[in-house]
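Read off the chains here:
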Amino acid sequence: MVFRKLPGVSASGMGLRLSQKFVFLLFLSGLVTLCFGALFFLPDSVRLKRIFLSKTETQPVTVGSGSENDAREHLKRPKDQEHPRGMTSAKGETSTKLKSLSRKPSVSHEATEERLAGGKAQEDMTLPKSKTESATSSDHDANSDTFSFKKFKGCLLKPPLGRDSGNPSDPKTNERREKVKEMMKFAWDNYKRYAWGKNELRPLTRNGHIGNMFGGLRGASIIDSLDTLYIMGLMDEYSEAKEWVQTSLDLNSNGEASLFEVNIRYVGGLLSAYYLTGEELFKNKVLELGEKLLPAFNTPTGIPRGVINLGSSGTSWSWGWASAGSSILAEFGTLHLEFVHLTELSTNPIYTEKVMNIRKLLNKIEKPHGLYPNFLSPVSGNWVQHHVSIGGLGDSFYEYLIKSYLMSDKTDDDAKMMYYSALEAIEANLVQKSPGGLTYMAEWRGGILDHKMGHLACFSGGMIGIGADDGAPEKRQHYLDLAAEITHTCHESYTRSATKLGPEAFRFDGGAEATATRLSDRYYILRPEVIESYMYMWRLTHDPKYREWGWEAVEALEEHCRVESGFSGIRDVYTMTVSHDNMQQSFFLSETLKYLYLLFSDDDLLPLEDWVFNTEAHPLPIIRKSCLQDEATQDKTVSE
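The text that follows walks through the structure, step by step, so that each part is easy to find. (Residues numbered from 1 in each chain as written. Predicted model: local features only at pLDDT ≥ 70, side-chain atom pairs only at ≥ 80, totals over all residues. Heavy atoms only, no water.)

### Observations regarding the layout of surface pockets
If a probe as big as a water molecule is rolled over the atoms, it shows which places are left empty.
Right, on to step 1. Of the pockets and cavities examined, the second largest pocket occupies roughly 1,000 Å³.
Right, on to step 2. Along its surface, the second largest pocket is lined by 40 residues, and F260, E261, D395, L456 and R527 are the ones closest to its centre.
Right, on to step 3. Secondary structure elements with two or more residues in the lining of the second largest pocket: α9 (259-277), α11 (329-332), α14 (395-407), β14 (443-445), α18 (529-541) and α20 (586-599).
Right, on to step 4. Class assignment for the residues of the lining of the second largest pocket results in 15 nonpolar, eleven polar and 14 charged. (1 Å grid on protein atoms, 1.4 Å probe; cavity = no way out; pocket = protein on both sides within 12 Å on 5 of 7 lines; lining within 4 Å. Points joined across faces, edges and corners; volume = space filled by probe spheres on them. Helix = DSSP H or I, 4+ residues; strand = E, 2+ residues; numbered from the N terminus. Nonpolar A, V, L, I, M, F, W, Y, C, P; charged D, E, K, R; others polar.)

### Comments concerning the pattern of salt bridges
Note that side chains of opposite charge can pair when their charged atoms are close.
Right, on to step 1. The tally for this structure, following the rule as stated, stands at 34 salt bridges.
Right, on to step 2. Where K625 meets E344, a salt bridge forms, and the shortest distance between an N and an O atom there is 3.0 Å. With K625 in helix α21 (residues 625-639) and E344 in helix α12 (residues 336-345), the pair connects residues that are 281 residues apart, well separated along the chain.
Right, on to step 3. Under the relative-accessibility criterion, E344 is labelled buried at 2%. (Salt bridge = Lys/Arg side-chain N within 4 Å of Asp/Glu carboxyl O. Buried < 20%, exposed > 50% of the residue type's maximum accessible area, 1.4 Å probe, protein only.)

### Considering the nonpolar core
Right, on to step 1. Membership of the largest hydrophobic core comes to 159 residues, with the highest contact counts inside it found for L362, Y398 and I464.
Right, on to step 2. The leading source of residues in this core is α9, at twelve residues.
Right, on to step 3. When near neighbours in sequence (up to four residues on either side) are disregarded, L362 contacts F332, K367, Y372, L376, W383, F397 and M418. (Core = buried A, V, L, I, M, F, W, Y, C linked by side-chain atoms within 4.5 Å. Contact = heavy atoms within 4.5 Å.)

### Digging into the sheet that holds β14
Right, on to step 1. Judged by pairing direction, the sheet is antiparallel, and its three strands sit side by side in the order β11-β14-β15 without closing on themselves. Either end of the sheet is taken by a strand with one partner, and the two such strands are β11 (387-388) and β15 (448-450).
Right, on to step 2. Across two bridges, β11 lies against β14 in antiparallel orientation. Paired with V388 across the two strands is W444, which belongs to β14. (Pairing = 2+ DSSP bridges.)

### So, the sheet that holds strand β7 (residues 316-317)
Right, on to step 1. Strand order in the open sheet formed by three strands is β5-β6-β7, and the pairing between neighbours is antiparallel. Two strands bound the open sheet, and with one partner strand each, they are β5 (256-258) and β7.

Here it is as structure tokens:
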């Protein structure tokens, strides 16, 4: 024993007196405490510290629907997975950024790939991937924890930009497509000249508009235009937009933002820009912004409130005009596509958890006649009013159900079930036929039909069309016919106006059909929904009337909405004495012109087999989990 080797200590049975033993043990315990405690003051990178820390401390925890502390804990990613500017690998090496694709309109996707193949830009850019799968598999390898842009590209069925950038072989169609491209350049050039960095252009007064919808964020038109510029081959303009994102997009705002608008425009725009180009800049920005949206879900039910402070406080509240502090169906129901991709690109499953929690609540509560009312309390989880609309307040909730199913590579059976059940209820309660034979979707107010259809509801022709093929076999042709009928009705709302542009809302009562009867419904603000349905119906049927209808819209936009310094909405579509509203909406660049361009392009430009479009027309790729897993397994086998 060590005691027996100490000087002056007797070797007899009780060699140390009790007081001596106490002093010695006190000294020894203090020494041990000092040594072990010092380890925790060493830098994080010291390996000795890791020995005494549980590995589970750095793993994400399961987050409940209403805990702010849990949400913040989820955001504390390990340091080796934080990427403020560049991406650092586990070995501490900075990965090579995929360089900007310098592409001309006439250059094919394959040629672009060949140019990149020999350079450093083609190096594997490994990005964080969803951990949702790791919850069900404990033996996953390192490859399954990361999202690889190269593997993602390998899982696409077709090149995103087609064989020849979607160039149509028909000269007349190509001429029309080039006209749409010229309209985009004209709108962009004037935005850059008079409103650069602001959210939208005011073309009559030649200045910028900021507004209060984005909580202090700037450059909405820039973010909304990134993918449109890219697919049109306007590469100089795309480079200008990318440079602004890199140098001037400040996400540290402290204003009151619409969760819905920030998600569909900024999150959607940055996601699609990343998936189309591989530029890590966009990934870093979108993940930073995604974290700022999470506090909106800190409610008793997990249903997010509509307004959020993007600053450090993260406070959220409901719109003042929303009945009884409710949340809006179209707002909390239009997060799923983007949030699933936020999980896909990060190591954080919280984004998917949040939107799946919304689904669980909606499946649990009773729905009147199978319908989803527009107002829901984020506190009680109950419907506040029984107002149902496929237009404003409800629209994109239904769109995201079928698109969630398609984006999951048709594996999200819950979304499929919810969509077709909702569509059945809509057909039974809302779909009407006018005396003149026009099919339309009325609104439902506590059992009483309001025979009005909004311009916003005109997206539903395309929605029903893309979902037709996955319905019950005996109803597939019926759904395609219904989609065509609704699209025809929306086209009628355009042709029955003096300007050949559609009103904000049109009615089917008092002898009116597809016509706005109220002065307050006669305006047109460059909306895309009717053209959106034209594009989908063209791709589904190749009926030439849809391209003709799209060209009618181009001519009307040129005649009535194009002004000297941009495009402007108009106040009354029923008069040729046009009064402009002095606003070039950012969605005009993101949606209206993009859908027109796709309408006049070959189907292999952003093919529907690989891409779904969010409600702001930002393309997001279909997630093929099995393919990504197979790629990871092959890579692992090769490396071994």
